[in-house]
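Here is what each chain is made of, one letter per residue.
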There are 2 protein chains.
Amino acid sequence: MASGTAIPKGTRDFGPFEMVRRNYIFDSIKRVFKKYGYLPLETPAMENLSSLLGKYGEEGDRLLFRILNSGDYLKKTKRNELADIGSLELSNLICEKGLKYDLTVPFARFVVQHLNEITFPFKRFQIQPVWRADRPQKGRYREFYQCDVDVIGSNSLYNEYELILIIDEVFSELGINNTIKLNNRKILLGIAELIGEKDRLTDITVAIDKIEKIGIDRVNEELEQKGIPQQAIKRLQPVLFLEGGNRQKLNKLKEILKDSETGLAGLDEMLSLLDYLDRNKLKSEIEIDLTLARGLNYYTGAIIEVKANDYAIGSICGGGRYDDLAGVFGLKDVSGVGVSFGADRIYDVMLKLDLFPERGGEDVRVLLVNFGGEDELYALDALKLLRENGISSEMYPDPVKMKKQMNYANSRNIPFVLIAGEEERRKGEYTLKDMKTGEQSGLTLDALLEKIQ
Amino acid sequence: MASGTAIPKGTRDFGPFEMVRRNYIFDSIKRVFKKYGYLPLETPAMENLSSLLGKYGEEGDRLLFRILNSGDYLKKTKRNELADIGSLELSNLICEKGLKYDLTVPFARFVVQHLNEITFPFKRFQIQPVWRADRPQKGRYREFYQCDVDVIGSNSLYNEYELILIIDEVFSELGINNTIKLNNRKILLGIAELIGEKDRLTDITVAIDKIEKIGIDRVNEELEQKGIPQQAIKRLQPVLFLEGGNRQKLNKLKEILKDSETGLAGLDEMLSLLDYLDRNKLKSEIEIDLTLARGLNYYTGAIIEVKANDYAIGSICGGGRYDDLAGVFGLKDVSGVGVSFGADRIYDVMLKLDLFPERGGEDVRVLLVNFGGEDELYALDALKLLRENGISSEMYPDPVKMKKQMNYANSRNIPFVLIAGEEERRKGEYTLKDMKTGEQSGLTLDALLEKIQ
C-alpha cells in the first residue's frame, strides 16, 4: 500500500463484491417497503447540533461527529479565552453541525419541519448511513447504514401487524430463517406494578434486557444493586420464565396481572396482534418473550426483535411503538411505530449461510475479445445486439494478447467469452466459449442471442 | 416551524416527491452503467485529510468540511499555543478527517489501496453524496450527489466511444434531447503551439472555457491580461470559430495544425472516435467544440460535455481522459477516462420539461378503506391477494370516518380505493372506486385483481 491511502478507522470501502450483495439486501428490503405503501425519505448527512444534542443521552452526545465551522471560525472568539478552555467547551464555540447519529431524530425533525405538507398517517422508509464516534471493533463501525421503516400518526395495532408482515416477507425473500420476538412495554409495566416497584420500570427493564447477554444471576445481582428489594426480585422470577406457547403464556399472565389495568391493556394488545397474525401463514416463528425490553427507553407499547435461527449474531431487526418521538421537537401526542433492519448483520448472516444468489441478474454475461481493426468492428455488431436485448456485456477495450483478455474474463467471473477473428468473420459467425465447461461453438447472431438468453 | 428544526444551510431533505423522481434518474443511470459492465463502488463519507488536502488546489482545501477529532482532542495541545493561533492552524491540530469533496480522489485512493485485488482495466461507477463548504446559492448545495463512471488502466479510445454510448443511452432513457460536445486537449495543445504560446496552455484553456459564459470579447481581454501577445490572440480567433460539420472542422484543422505533432495526434483520436460513433444511430447530437476546455486542468485527451437542448442550465454531464489520476497517491502512468452525471441539473431539466413518468411502477395502486371489526378482516383478504400479485397497496390503519380515508387516498395520489362493508361482505364482493373517474363497481376477488392489473 502506498503511503497516505488509509481510510479513517471504523470506516469501510465497499468494492464490487460487497456492493452487489449489499444492494441485493437493500433492494429486497425496499421492494417490500414499497409494496406495503411506505414512502422514501432522505435527510442530509449533517444536522445542526442543536437538533442532535441531548437526544441520545450523555453517551450519545459524546459519540457525535462534529463538523468544524467553515472559514475563519475563530474570528469572533476572544483569544484569551482559549488558553484554558476544555475540548468540549471549544467544540461548542467552533462547531455548529454534526453528522447524524441515527435516522430517527432527523425523521422527527423532518416531520415537525414539514408538518403542514405531510398527510398523516405518514409511512416512510429511510435507508442511509449514520455515524458514531464509537471505539471501532469487530462488527462495530463508525459509519454504517440503517434501514428504518416507521408509520406515525396512527395508534392502530394494525400497523404493528403490518410491520411484522414486512419483517416476515423481507427475511423470507432473503432466505433467512428467523424468530420474531414480541413483548409489550405495558405488560412490563404491569409486572413492575405487580411486584410493587412501579417507579423502577426503567431499572428493571434495562436489567432484564440483558438476560441473554449476561444470564439471569447477574441480572438479579444488578437489580439488587439498583436497590430493588429481594422480595420483589423473587416475585419477578416466575413471570420471566413462563412456559408454554404464546397464548398459554398470555393466559397465565392474564391471571397474574389481573389487578393491573396497564398490564391487562398490554395483554389485550398482544392478543389482538396474535389474532391478526393468525390470518397469515408466516415463515418466521413468532415468540412472545417477556425478557425482551431493548435498551432504548422510549418504547411505550409493542417491542419487536428478530433473530436469525441458524446463526448467532444478536438481533437483525428491531423496533417498537413509541408515543412521543416528535415531542423532542415540540410536537406532542404523535404516536408512531417502526422497526430498523440491521444491514451489516444481515449481510454477515447471508454470507456465512451462503444465502446470496450465485449470480445477480446484473452481472456481466459476455466478454467480447478485442482483436482490433476490422475484427473489433465485427464484434461490435454482436455487442450492440446483446445490449439491445438487455444483456450486460462488454468488450475488452484494448486489442492485447488473448490470454490477458481471458484472464480478465475469469477474474471478473464472466461466464461467456465471444471470439470473433478473421475466420469467424468470413463465415459470418461468432465463437462462443462457455468459461465453465470450456465448450466452444460457432453461432450466428440469432443463435448467439438465443443461447445467452 | 417549531424552533430548532432547521437544517444546515445548503443541505436538503428529499421527501417522497423528490425521492421517487431522483431514484428514477439514479436507477436509469445505474441500469445503463451495469449493462455496459461497470461495477459499483462506495467509499466512506469521510477520508483522512492527508488524502484530501492539496488535491483540489487552495480553493478546494478551503472548501473541505473538516471533522473534529473525537474525545479530549485538546489533551496533547500546549495551551499557551492556543492564545494566538489562527483558524487554519488550529484546524490542523484538532482535525484529522474531512468529508469527501468529490468521488475522484477517493476512487484514486481506493485503487492505490487495493491495487493487488483489482483486475485492470477497472470499470467502476460510484453514486454518492459529496460535500463542499461553498457559499450556498440557487442550484449550488453543500451536499449533493455525484454519479461518476470511469475506466482506468486502458489507453484505448474504445473507452471514450463506450462512454458516449452510455451518455446517449442514459439521456435517451430519460427523454432528454441533448448535445454531446467533444474536444481533445491535444488539439488545444496543438493550437497553443501554433500561436507560439505552448507554455501558456493553462491560461489559454481556462480563458476560452468561459466563452459561453462571458463572451469572446471578455475572453480576449482576459487573455491579454494574462500576458498573451495581441498577435497570438489574433491568430487564435479563426481556430475558435471554425464553421461546418464535425468532419469539415477536423479537415480544416488538419491543414492548420500540420506542423504540430501533438495537434495531429489529437485530431487522429477525434477522427477515430467519430468513426466508432458513425456505427451507431445516436439520439444525441455530436458536436466538436474547440472552445470546450472544462475548468479542471487534468484532462489530457478527450474532453466531453453534455448540454440539454431544450432547457438552458449548463452542462448536465461531463468528463474526459486523464493520465495521472492515481499519480497523486504515488501510482504513475495509469490512464483513465470517465464522465460524471449531474443529478441535480438532470432533475431540474426533467421537472421543467415534464419528463418524469406520471406514475412510477412502485406507487401505491389501491387504498383499502378500514371499517374495523369483521369488515377489516374481510378487506384483509383482498389486500393479501393484491400484494401477493406484486401490487403495492395499503389499508388505512384506523377505522376512522370514510371522508378522512378518502382524503388520504387523494393526497397520496392513490388511483383506486377499495370499499368493503357489511353489504359487500354479504355479497362476497368488493366495491372498487376509480378516484379519477369516480366510477364504482362491485367485483369478486378475481375480477378485482384483473381490473387492477
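Residues numbered from 1 in each chain as written. Chains lettered and ligands numbered in written order. Predicted model: local features only at pLDDT ≥ 70, side-chain atom pairs only at ≥ 80, totals over all residues. Heavy atoms only, no water.

*Asks:* Could you clarify how one ought to interpret the pairing of strand S15 (residues 430-434) of chain A in this entry?
*Replies:* Every regular strand shows the same layout, with side chains that alternate between the two sheet faces. All names here are of chain A. Of all five residues that make up S15, four are buried, and the element is covered over most of its length. Bridging between S15 and strand S16 (residues 440-443) involves four bridges; their strand directions are antiparallel. Pairing of Lys433 across the sheet is with Gln440, part of S16. A loop of five residues connects S15 with S16, the two strands running antiparallel in sequence, and Gly438 in this loop sits at a positive phi of about 80°. (Buried < 20%, exposed > 50% of the residue type's maximum accessible area, 1.4 Å probe, protein only. Helix = DSSP H or I, 4+ residues; strand = E, 2+ residues; numbered from the N terminus. Pairing = 2+ DSSP bridges.)

*Asks:* Teacher, can you tell me more about the state of the cysteines here?
*Replies:* What we call a disulfide is simply a covalent bond connecting the sulfur atoms of a pair of cysteines. Per the counting criterion, the structure on display carries zero disulfides over all chains. Looking at the unpaired Cys147 of chain A, the closest cysteine sulfur is the one in Cys317 of chain A, lying at 9.2 Å. (Disulfide = S-S within 2.5 Å.)

*Asks:* How do you make sense of helix H1 (residues 16-35) of chain B when you look at a structure like this?
*Replies:* Residue and element names in this part refer to chain B. The end-to-end C-alpha distance of H1 is 28 Å, a good match for the 28 Å that 20 residues give at a rise of 1.5 Å each. All of the buried residues along H1 are Pro16, Met19, Arg21, Arg22, Ile25, Phe26, Ser28, Ile29, Val32, Phe33, Lys34 and Lys35. At the exit of H1 stands Gly37, carrying a positive phi of roughly 85°. (Expected span 1.5 Å × (residues − 1).)

*Asks:* Any chance you could explain the relation of the copies chain B and chain A here in plain terms?
*Replies:* The two chain copies are related to each other by a rotation about an axis together with a translation along it. For these two chains of identical sequence, chain B goes onto chain A by a turn of 180° and a shift of 0.0 Å along the axis, with RMSD 0.1 Å. The superposition operator between the copies reduces to a two-fold rotation axis. Of every C-alpha in chain B, the one belonging to Ile67 of chain B sits nearest the axis of rotation, 2.3 Å from it. Comparing contact sets, 100% of the residues at the interface of chain B also lie at the interface in chain A, consistent with an isologous, same-surface contact. (Least-squares fit on C-alpha atoms with pLDDT ≥ 70 in both. Contact = heavy atoms within 4.5 Å.)

*Asks:* Teacher, can you tell me more about the side chain of Glu169 of chain B here?
*Replies:* Residues and elements named next belong to chain B. Looking at the element boundaries, Glu169 is found in helix H7 (residues 158-174). One polar contact links Glu169 to Lys35, side chain to side chain, over a distance of 2.5 Å. Leave out the neighbours within four places in its chain, and Glu169 touches Val32, Lys35 and Tyr36. (Polar contact = N/O pair within 3.5 Å; in protein donor to acceptor, adjacent residues only side chain to side chain.)

*Asks:* In this structure, what is going on with the pattern of salt bridges? I would like to understand it.
*Replies:* Any two side chains of opposite charge can pair if their charged atoms end up close together. In this structure the tally under the stated criterion is 52 salt bridges over all chains. A salt bridge links Arg321 of chain B to Glu160 of chain B; the shortest N-O distance between them is 2.9 Å. Taken as a pair, Arg321 of chain B in strand S10 (residues 315-322) and Glu160 of chain B in helix H7 lie far apart in primary sequence, 161 residues in all. Through salt bridges with shared partners, a single network forms among Lys123 and Glu162 of chain A together with Arg387, Glu394 and Arg412 of chain B. (Salt bridge = Lys/Arg side-chain N within 4 Å of Asp/Glu carboxyl O.)

*Asks:* Honestly, the packing of helix H16 (residues 373-388) of chain B against helix H19 (residues 445-452) of chain B in this entry has me stumped. Any pointers?
*Replies:* A pair of packed helices is captured by two measures, namely the crossing angle of their axes and the spacing between those axes. Residues and elements named next belong to chain B. Between H16 and H19, the least distance of the axes is 11 Å, while the angle of their chain directions is 45°. In terms of their interaxial angle, H16 and H19 are classed as oblique. Crossing of H16 against H19: the hand is right-handed. Note on element contacts: H19 touches H16 through Leu445, Leu448, Leu449 and Ile452, opposite Ala382, Leu385 and Leu386. Looking at the contact of H16 with H19 residue by residue, the classes come out as seven nonpolar, no polar and no charged. (Axes fitted to C-alpha atoms, helices over the stretch in contact; angles between N-to-C directions. Parallel < 35°, antiparallel > 145°, perpendicular 65-115°, else oblique. Left-handed = near helix turned anticlockwise from the far one by under 90°. Nonpolar A, V, L, I, M, F, W, Y, C, P; charged D, E, K, R; others polar.)

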